[in-house]
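Architecture at a glance
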Amino acid sequence: IMAYTTIDKSSLHFNTKPYTGTASSNALTGINFQPDWVWIKRRDGTYNHNLYDAVRGVTKEINSNNNNAESTVAQGLTAFGTDGFTLGSDDQSNASGDTFVAWNWKAGTGQGSSNTDGTINTTYTSANTTAGFSIIKYTGSGSAGTVGHGLGVTPDLTIRKKISTTGDWFVHTTLIDSSLDFLKLNTTDAKSNSSLTGFTSSTIGVDGDSSQEILYVFAQKKGYSKFGTYTGNGNADGTFVYTGFKPAFVLQKR
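Here's what I pulled together on the structure shown here. (Residues numbered from 1 in each chain as written. Predicted model: local features only at pLDDT ≥ 70, side-chain atom pairs only at ≥ 80, totals over all residues. Heavy atoms only, no water.)

Section: the pattern of salt bridges
Scanning all chains against the criterion turns up 11 salt bridges. The partner of aspartate 98 in a salt bridge is arginine 42, with the nearest N and O atoms 3.4 Å apart. Placement of the pair is aspartate 98 in the loop between α1 (91-94) and β9 (99-105) and arginine 42 in strand β3 (residues 37-42), with a sequence separation of 56 residues. The exposure class assigned to arginine 42 is buried, which follows from its relative accessible area of 16%. Here lysine 184 makes a salt bridge to aspartate 168, at a shortest N to O gap of 3.1 Å. Separated by 16 residues along the polypeptide, lysine 184 in strand β15 (residues 181-184) and aspartate 168 in the loop between β13 (157-162) and β14 (170-173) bring together distant segments of the chain. You'll find lysine 184 and aspartate 168 in the same group, each marked buried. Here the residues in one salt-bridge network are Arg42, Asp44 and Asp98, joined through shared partners. (Salt bridge = Lys/Arg side-chain N within 4 Å of Asp/Glu carboxyl O. Helix = DSSP H or I, 4+ residues; strand = E, 2+ residues; numbered from the N terminus. Buried < 20%, exposed > 50% of the residue type's maximum accessible area, 1.4 Å probe, protein only.)

Observations regarding the pairing of strand β7 (residues 77-81)
Note: β7 against strand β8 (residues 84-87), 4 bridges, orientation antiparallel. Paired with leucine 77 across the two strands is leucine 87, which belongs to β8. Once β7 ends, the chain turns through 2 residues before running back antiparallel as β8. (Pairing = 2+ DSSP bridges.)

In structure tokens:
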């Protein structure tokens, strides 16, 4: 029996789009909403993971497999539409004949506005309270502080990346043990404990850097999203992980 959910149609908040590159303007539709976060990966070759979002704006690319700063790719993602997005001729996301996948999340349908709940005002916070997902852009103050996430409930997991300079991708969660732990999306490191302020229903803790950063924030929603841990058993018929629904996207890290 599926878990009860207030999200009757999950594809209105997250959707996967496979496509074939054209090396020319490529308008991709059928996503069912304006995607505020688009994660693109070539499937038949070894290109980067290319991430765009409506908060940072079109052509602004970051790569989840490295620690590079944000770059401007004029022929990358060139437009967010009401039912999809448009790509330019850049090989990393639209090489002719290559196969790609784009994972798409809906935040607040656009760039959003400044959130003043934390000790650091955000430049933009775009929040989807129904699906428990928000995108935050802010500039650090040089001292540890907090920023507002706009979800109205305590998040379960955040993904944070410096964009004005190089820096690892930090994945923070309280679900591994009693502390605020972090993993790195772009390395093979094991988890470490964080000294940051934890999560509340209005804010999340951030470090004392003074660079521009982007945050992707997730709060678990029954029947739609699930965050947690499991222990492997080494068997061919491996550990069963109960989510309460059929997942459309699984992100896993040892």
